[in-house]
Amino acid sequence: MGQGDSPSYLLNDWVVDPQANRLQRGEENLQLEAKTMDVLAYLLANADRVVSTEELLQAVWPDRVVEQSTVHRRINQIRAALADDAKSPTFIKTIVRRGYQIVATVSVADTPADSASPESATPFQRPTEEQEKSASLLKPGLLAAGVVVVLAAVGVWLYGEFRSPPASPADGGWSVVIEPKQEANAAYRIVAADLRDGLNNKDHVRLVAPEDEAEPHFRVQVDAAENQDTTRVSIELYTRLLQTTVWSRVFELPTPLRRFEEAAYASTWINRSILGVGAAELSPDWISLEAKRFYAKSHAMENPLHARRMLEQAVEADPRYWPATGQLLFTIQSNKEREKGLELARTLLEQQPQSLFNLAVAKYILLADLDYEEAWRHLEIARDAPRTAEFSVNFWRAAIRFSQGNLNSALSYWQQALAEGAQFDQTYSAVLAARCLNGLGNYRDAALLLRENLYLYPAGAPASSGVLSHKAELIKALAMLGEVDEANALLDEHWAEFRTTDAYRFPHLFVLLKREDEARELLNRLEAASSKGVPVPAYNVFEAYVHLGEFDAAVAWLHKLVEEQDVFHFGLVRSAVDLQAIRELPGYKAAMQVLAEKEARGTPLAAAQS
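As the structure is a computational prediction, the values presented were derived from the model and not from experiment.

Reading guide: rules and limits
- Residues numbered from 1 in each chain as written.
- Predicted model: local features only at pLDDT ≥ 70, side-chain atom pairs only at ≥ 80, totals over all residues.
- Heavy atoms only, no water.
- Buried < 20%, exposed > 50% of the residue type's maximum accessible area, 1.4 Å probe, protein only.
- Helix = DSSP H or I, 4+ residues; strand = E, 2+ residues; numbered from the N terminus.
- Axes fitted to C-alpha atoms, helices over the stretch in contact; angles between N-to-C directions.
- Left-handed = near helix turned anticlockwise from the far one by under 90°.
- Contact = heavy atoms within 4.5 Å.
- Nonpolar A, V, L, I, M, F, W, Y, C, P; charged D, E, K, R; others polar.
- Salt bridge = Lys/Arg side-chain N within 4 Å of Asp/Glu carboxyl O.
- Pairing = 2+ DSSP bridges.
- Phe/Tyr/Trp six-rings, centres within 6.5 Å; stacked < 30°, edge-to-face > 60°.

A few points about helix α17 (residues 430–439)
- Among the ten residues in α17, ten count as buried, and that is most of the element.
- All of the buried residues in α17 are Ala-430, Val-431, Leu-432, Ala-433, Ala-434, Arg-435, Cys-436, Leu-437, Asn-438 and Gly-439.
- Following α17 by one or two positions, Gly-441 adopts a phi angle in the positive range, close to 80 degrees.

Observations regarding the packing of helix α10 (residues 322–331) against helix α11 (residues 338–351)
- For the pair α10 and α11, the least separation of the axes is 10 Å and the interaxial angle reads 150 degrees. Seen from above, α10 lies across α11 with left-handed handedness. Residues Trp-322, Thr-325, Gly-326, Leu-328 and Leu-329 of α10 form the contact with α11, whose participating residues are Gly-341, Leu-344, Ala-345, Leu-348 and Gln-351.
- Taken together, the residues of the contact of α10 with α11 break down into six nonpolar, four polar and no charged.

Thoughts on unusual backbone geometry
- Between Thr-255 and Pro-256 the backbone carries a cis peptide bond, its omega angle lying at 0 degrees.
- With respect to the helices and strands, Pro-256 occurs in the loop between β12 (244–254) and α7 (263–281).
- The backbone of Ala-83 sits at a positive phi, close to 55 degrees, despite the residue not being glycine.
- With respect to the helices, strands and loops of the structure, Ala-83 is situated in the loop between α3 (68–82) and β5 (92–95).
- Under the relative-accessibility criterion, Ala-83 is labelled exposed at 69%.

Considerations on the pattern of salt bridges
- Enumeration over the complete set of coordinates arrives at 26 salt bridges.
- For Glu-380, the salt bridge is made with Arg-383, and the minimal N-O distance between the two is 3.0 Å. Of this pair, Glu-380 and Arg-383 both sit in helix α13 (residues 372–383), separated by three residues, roughly a single helical turn.
- Since its relative accessible area comes to 23%, Glu-380 is described here as partly exposed.
- The closest approach of N and O atoms between Arg-397 and Glu-380, which form a salt bridge, is 2.9 Å. Taken together, the positions of Arg-397 in helix α14 (residues 390–403) and Glu-380 in helix α13 put the pair 17 residues apart, joining distant regions of the chain.
- Residue class for Arg-397 comes out buried when judged on its relative accessible area of 2%.
- Residues participating in the shared-partner salt-bridge network are Arg-308, Arg-309, Glu-312, Glu-316, Glu-337 and Lys-340.

Examining the sheet that holds strand β4 (residues 28–31)
- The strand order across the open sheet formed by five strands is β4-β3-β2-β1-β7, and the pairing between neighbours is antiparallel. Lying at the two open borders of the sheet, with one neighbouring strand each, are β4 and β7 (106–108). Pairwise comparison of adjacent strand axes, ignoring direction, gives a mean angle of 25 degrees for this sheet.

Concerning the sheet that holds strand β8 (residues 174–180)
- Taken in spatial order, the five strands line up as β9-β8-β10-β11-β12 in an open sheet, and their pairing is mixed. Here the strands that pair on one side only, and so sit at the sheet edges, are β9 (205–207) and β12. Strand-to-strand, the axes of this sheet are offset by a mean angle of 20 degrees, without reference to chain direction.
- For β8 and β9, the ladder comprises three bridges, and the chain directions are parallel. Across the sheet, residue Ser-175 finds its bridge partner in β9, namely Arg-206.
- In this fold α7 packs onto β8, β9, β10 (218–226), β11 (230–239) and β12, with an angle of close to 180 degrees to the strand it touches most, β12.

Examining the packing of aromatic side chains
- Overall, the coordinates contain eleven aromatic pairs when judged by the stated rule.
- Ring geometry for Phe-402 against Trp-414: centres 5.5 Å apart, planes inclined by 55 degrees, an arrangement best described as tilted. Pair noted here: Phe-402 is in helix α14 and Trp-414 is in helix α15 (residues 407–420), with a separation of twelve residues, a long-range link. Per residue, the accessibility class of Phe-402 equals that of Trp-414, and both read buried.
- Arranged with centres 5.7 Å apart and planes meeting at 50 degrees, the rings of Tyr-539 and Phe-542 form a pair that is tilted. Highlighted residues: Tyr-539 and Phe-542, both in helix α23 (residues 538–548), separated by three residues, approximately one helical turn.

Next comes the structure, spelled out in structure tokens:
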């Protein structure tokens, strides 16, 4: 659906200008993404009736296979921009099992919207200081916007998505061919079809047939060999841009191969690799090809330690390659590497003092130095830098407020972050919002938010940190609401997934559901693992002991939590309503004193910059 012939509309007191992708009300100007505006324009053109999700898919994406979740995400972005409430809608009403309908007053504007330039329009209004101070519990409208961020639980390596967003080629996307490496047998055709389904809804990917383009940007080469019991599937992603294979994976699957269940997983990593190559390709010509290759491969590495080594090699190959330095800084987060992190941060700021790289510096300062004021200062610089991914800035603003114990303010920023974010950032959103709500005792809204955002995870997707955290937080909300049967059913259904993921162990869920024997068994295993140096999610163990009433053990794990500088749980420790029992214990006060000393330490980066 193009916008060239779309008229401007009056939507209540908003002027909607589809040709400029702009909403205007008085001096207020908001810029929407092109596809989001296409959805809104189609709804406005058909405001007299209900428009189904399938109709929107056909109208806005006529030549592509796109999942229904894409429409839901675009509707959420429109609602967030208009501050609409799905429960009491002023603009867009959801008609259950039918679609969406405009419920506001709509008319065709006599004249186009004012000539305010798109550059002067802002994606969304930032909260004022007064709004931040007065932020209250999440209102239904915030839930309707569906905008909050998921972050994996403590112990997970926070591998950031920092890069200058790689623009797609002018022809509409990076051209990708899926082809057999040797022979196009029946197994290959199943694998190829599922990979196409997984890649078809990526905005920057353009799938082409081998005969359509002699030299596509990327080749996905598939080899599927069947024997009596198993089918061995090998996938490689080759790029002519960097003349290298940047991602490969081998799967052993049962024969006959009825469906390639790992397609969602493979598509995710292929897509991530394409983004990495795109960012490398768009770097200046004087960056060495070797550095670009290492950087692109780092995006395709599933092992964080290997990815980090790729980034180190990229920096070694060409110290001028700022994206690699910034990405590497994201991985330098522990106190043990404080000096190395500060050195990388200084290097970035010397090379690009007023750029988006301040976001990398802010992340490092927050996660390694706990200097909230300095981290916030760098976020402000990153916010105003060219090509800023605004959702990332708001995400880390929320992390600062959350760590300080201001859950309401964090919720406000995470609401904006999810509204502005791409799907990757959305899936790293809903859990932290629900964690805020659970911490505030608002379990019903937490459960509602998590259920509304389950569509973010494609069917058949393998267990991952985001999926498991999402389900675990939902189980907790249901348990606290007293909906024990449903919570137990969910836990039993997904426990096999929980058990297979080393970083995710949820003893507190068994405690909340009065399954003490299972909780004890799990706690014993976690204690043993921790004694051997295996990373363990300290907050989950801490909470389990609190609910068991074993406060001495809880305080011991609280000290581990503080030592790990787990900023994504400090807020719950400081302000959560369900952990009040330990506040007067000497061990709690001692842990908080250690935390206060860490936060007061500060960083010399400000002096170095000035």
